[in-house]
Amino acid sequence: MGCKKFYDDMLVTRDYWVSRARRSAALTIPYLIPRSNEPVQENMDTYVLPWNGIGARGTTNLASKLLMALLPPTEAFFRFTVDPVAMEEQEVAMQEQGASDDEIAELKSNMELALNKLELSVLRSIETSNDRVVLHEALLQLIVAGNCMLYISEDGMKVYHLWQYVLLRDPIGNPLEAVICEELAEDQLPENLRVQVANQDPLMQGGVIDQDPFEKNEQKKHKIYTHIEWSESRVEWYQEYKNKEIDGTRGSSKKSTSPWLPLRMTHMSASSYGPGYIETACIADLQTAEALSQAVAEGALVSAQCKFLVKPSGVCNPKALAEAANGAYVPGNPDDVFPVQMGGKSSDLAVASQSLQQIEQRLAASFMLAEMRQAERVTAEEVRLQALQLENALGSVYANLTVDFQAPYISRKLELFARQGGMERLPEGLIKPVTSVGLAGVGRGNDLEKTARFMNILQTTIGPEAVAQYIKPSELLRRLASSMGISPVGLVKTEQELAAEQQQAQQQAMEQQMLQSGMGDPQKLANAAATAQEMQQPPQEG
């Protein structure tokens, strides 16, 4: 089956999801979903703007929050971890070879430092790419449309919108086959593709259209199809033009390092697509807020009008009164002119405004807009707890994005970094990258909250002295650092460093005690040291 036929056969299902996404976009950011389902690059559509702006503000806020959670700019969003079973086997092998515990501890510390440097190198390469910009665009599509396709290459990352591709998944949700349709002009085609298109298109001569001079000067558009197929362990892809494969476009990779990432916001079994966050969380409130906002706005505009009535039998000339300058004198009777009162609907508008305010509060909670209660005193603890609750509410979103985006994205970036010579490929089974943000960040926030509450309860129940007696400070520091996503290596002293410092302090205390008791007379100590040195020297032969 050719790419075009597969694409055309899957259009009915795809267009159904596009129409559902278009309804969500009309209430939030209309330009995200164009009116046409054709995969055009530039469209001249005009959109009806919504009456309420909370949908657009909430969508951009949620996309920014997810972006900062998935790719935070101030911390590492993944860490290299060593398999504990493999590491234990390595330690046993070293002990059998005669390595001491200090040597094994030093090896583990050096390994952690090397992995830390490797993490920083990979993160630096990501910082200089366009990944965050493209990911923000993809998150907007996921929130509104619910689906998008990411392509990660050495040149950067690219996002395909829902109306640009069709996708087929198995009943579990794993992708099986996809076709992307792109409509490009001649100037946008790669050089090798331009030659092949010119050979297949009789209207093109040497890559230029042979046009009628009286026709409108527009370049002809060409539809390029990209076919992607997933198997058990590999992903293969190629491109077609007019049912013929384009030379040099076939590629393949491991499934774990695939450059193609089909994403969806909500997982639905036995469905190739999924609804967006707008449709699943707040479409009903957005529709109600839209109707109430329009009614309140139009009612307020009517109430704000300033109009006057003039008696038909009065002596005042309405035209002269309307054209008179400010402060001018116009002959007439003041009883002939009186203003029109637009009142009588204020109570109805008040009811609508109150209902609109309640709905906007619910929408703010759905869009994770942190709006504190109106009070004279709002404690920092209350602010922190509300922020933690908002993060927990995104747990299901983080779960989907962790499986579909974060883990494949990290594997793909590591593969590209190794291919460019930035690092050697990691040994399989021993060292694995693990995400440390998103859903893992929510779990660490809960761990930090539980640890802080545990320590506060101990402080108030058994007292600080008992806490110092029963709690291990080193283990507490390690857990706090882990729950906050901070690496304790090089920051927190190890047990060996603490033991060495304690031993040194004991020696200094003993020397000080000897000096104070008179046994540590400097002259006596010097004589004793000289005598010990003479005794250690071998006798000289006469």
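Residues numbered from 1 in each chain as written. Predicted model: local features only at pLDDT ≥ 70, side-chain atom pairs only at ≥ 80, totals over all residues. Heavy atoms only, no water.

Student: Provide a residue-level description of the packing of helix 3 (residues 54–70) against helix 13 (residues 395–419), including the pertinent values.
Tutor: Interaxial distance between helix 3 and helix 13 falls to 12 Å at its minimum, and their mutual angle equals 55°. Between helix 3 and helix 13, the crossing angle belongs to the class labelled oblique. As for how helix 3 packs across helix 13, the hand of that crossing is right-handed. Mapping the contact onto sequence places Lys65, Leu66, Ala69 and Leu70 in helix 3 and Val397, Tyr398, Leu401, Phe405 and Gln406 in helix 13. Classifying every residue of the contact of helix 3 with helix 13 gives seven nonpolar, one polar and one charged. (Axes fitted to C-alpha atoms, helices over the stretch in contact; angles between N-to-C directions. Helix = DSSP H or I, 4+ residues; strand = E, 2+ residues; numbered from the N terminus. Parallel < 35°, antiparallel > 145°, perpendicular 65-115°, else oblique. Left-handed = near helix turned anticlockwise from the far one by under 90°. Contact = heavy atoms within 4.5 Å. Nonpolar A, V, L, I, M, F, W, Y, C, P; charged D, E, K, R; others polar.)

Student: An account of the packing of aromatic side chains is requested, with residue identities and associated values reported.
Tutor: Counted according to the given criterion, the structure contains seven aromatic pairs. Centre to centre, the rings of tyrosine 16 and tryptophan 17 are 5.7 Å apart; their planes meet at 75°, and the pair counts as edge-to-face. Residue tryptophan 17 is classed as buried on the basis of its relative accessible area, which comes to 7%. Ring centres of phenylalanine 405 and tyrosine 409 lie 5.0 Å apart, and the angle between their planes is 25°; on these two criteria the pair is classed as stacked. Linking phenylalanine 405 with tyrosine 409, this pair stays in helix 13, spanning four residues, or about one helical turn. In this structure, phenylalanine 405 and tyrosine 409 share a single accessibility class: buried. Among the aromatic residues, ring-to-ring pairing joins Tyr151, Tyr160, Trp237 and Trp260 into one connected group. (Phe/Tyr/Trp six-rings, centres within 6.5 Å; stacked < 30°, edge-to-face > 60°. Buried < 20%, exposed > 50% of the residue type's maximum accessible area, 1.4 Å probe, protein only.)

Student: Break down the pattern of salt bridges for me, with residues and values.
Tutor: Tallied over the entire structure, the rule returns 13 salt bridges. In this structure, glutamate 279 engages arginine 23 in a salt bridge whose closest nitrogen and oxygen atoms are separated by 3.8 Å. Of this pair, glutamate 279 sits in helix 8 (residues 277–281) while arginine 23 sits in helix 2 (residues 11–27), placing them 256 residues apart in sequence. The partly exposed category is assigned to arginine 23, whose relative accessible area is 41%. We note a salt bridge from glutamate 245 to arginine 250, for which the minimum N-O separation is 3.1 Å. Judged by relative accessible area, glutamate 245 falls into the partly exposed class, the value being 35%. By relative accessible area, arginine 250 is classed as partly exposed at 49%. Put simply, Arg20, Arg23 and Glu279 are held in one network by salt bridges that share partners. (Salt bridge = Lys/Arg side-chain N within 4 Å of Asp/Glu carboxyl O.)

Student: Tell me what's going on with the side chain of arginine 132, and back it up with residues and numbers.
Tutor: Counting through the fold element by element, arginine 132 comes out in helix 6 (residues 131–144). Relative accessible area serves as the criterion here: at 19%, arginine 132 is assigned to the buried category. A distance of 3.0 Å separates a polar atom in the side chain of arginine 132 from a polar atom in the side chain of glutamate 127. The residues contacting arginine 132, other than those within four sequence positions of it, are Leu67, Leu71, Pro72, Pro73 and Glu127. (Polar contact = N/O pair within 3.5 Å; in protein donor to acceptor, adjacent residues only side chain to side chain.)

Student: Any chance you could break down the side chain of threonine 249 for me, citing the residues and the numbers?
Tutor: Along the chain, threonine 249 falls in the loop between strand 10 (244–245) and strand 11 (251–254). Residue threonine 249 is classed as buried on the basis of its relative accessible area of 15%. In terms of polar contacts, threonine 249 uses its side chain to reach the backbone carbonyl oxygen of isoleucine 246, at 2.7 Å. Not counting residues up to four positions away in its chain, the partners in contact with threonine 249 are Trp237, Tyr238 and Gln239.

Student: With reference to specific residues and values, describe the pairing of strand 3 (residues 156–160).
Tutor: Where burial is concerned, most of strand 3 is hidden: four out of the five residues are buried. Bridge analysis of strand 2 (residues 147–153) against strand 3 gives five bridges, and the strand direction is antiparallel. Its bridge partner being in strand 3, leucine 150 is matched across the sheet by valine 159. Taking the residues that link successive antiparallel strands as the turn, the strand 2-strand 3 hairpin has two residues. (Pairing = 2+ DSSP bridges.)

Student: I'd like a description of helix 13, backed by residues and values.
Tutor: With 25 residues, helix 13 extends 34 Å between its outermost C-alpha atoms, agreeing within 8% with the 36 Å of an ideal straight helix rising 1.5 Å per residue. Positive phi appears at glycine 421, one or two residues downstream of helix 13, with a value of about 85°. (Expected span 1.5 Å × (residues − 1).)

Student: Outline the confidence of the model for the protein chain, supporting the account with residue identities and numerical values.
Tutor: This prediction gives the protein chain a mean pLDDT of 80; 79% of its residues lie at or above 70. Here residues 205–211 is modelled with pLDDT under 50, and outside its nearest four sequence neighbours on either side it reaches 15 contacts, counting other chains as well. In the predicted structure, residues 213–217 sits below a pLDDT of 50 and forms two contacts with residues beyond four places in sequence or in another chain. (pLDDT = per-residue confidence, 0-100.)

Student: Outline the sheet that holds strand 3, supporting the account with residue identities and numerical values.
Tutor: Read across the sheet, three strands follow the order 3-2-12 without closing on themselves; strand pairing throughout is antiparallel. The open sheet has two edge strands with one neighbour each: strand 3 and strand 12 (260–264). Averaged over neighbouring strand pairs, the angle between their axes works out to 25° when direction is ignored.

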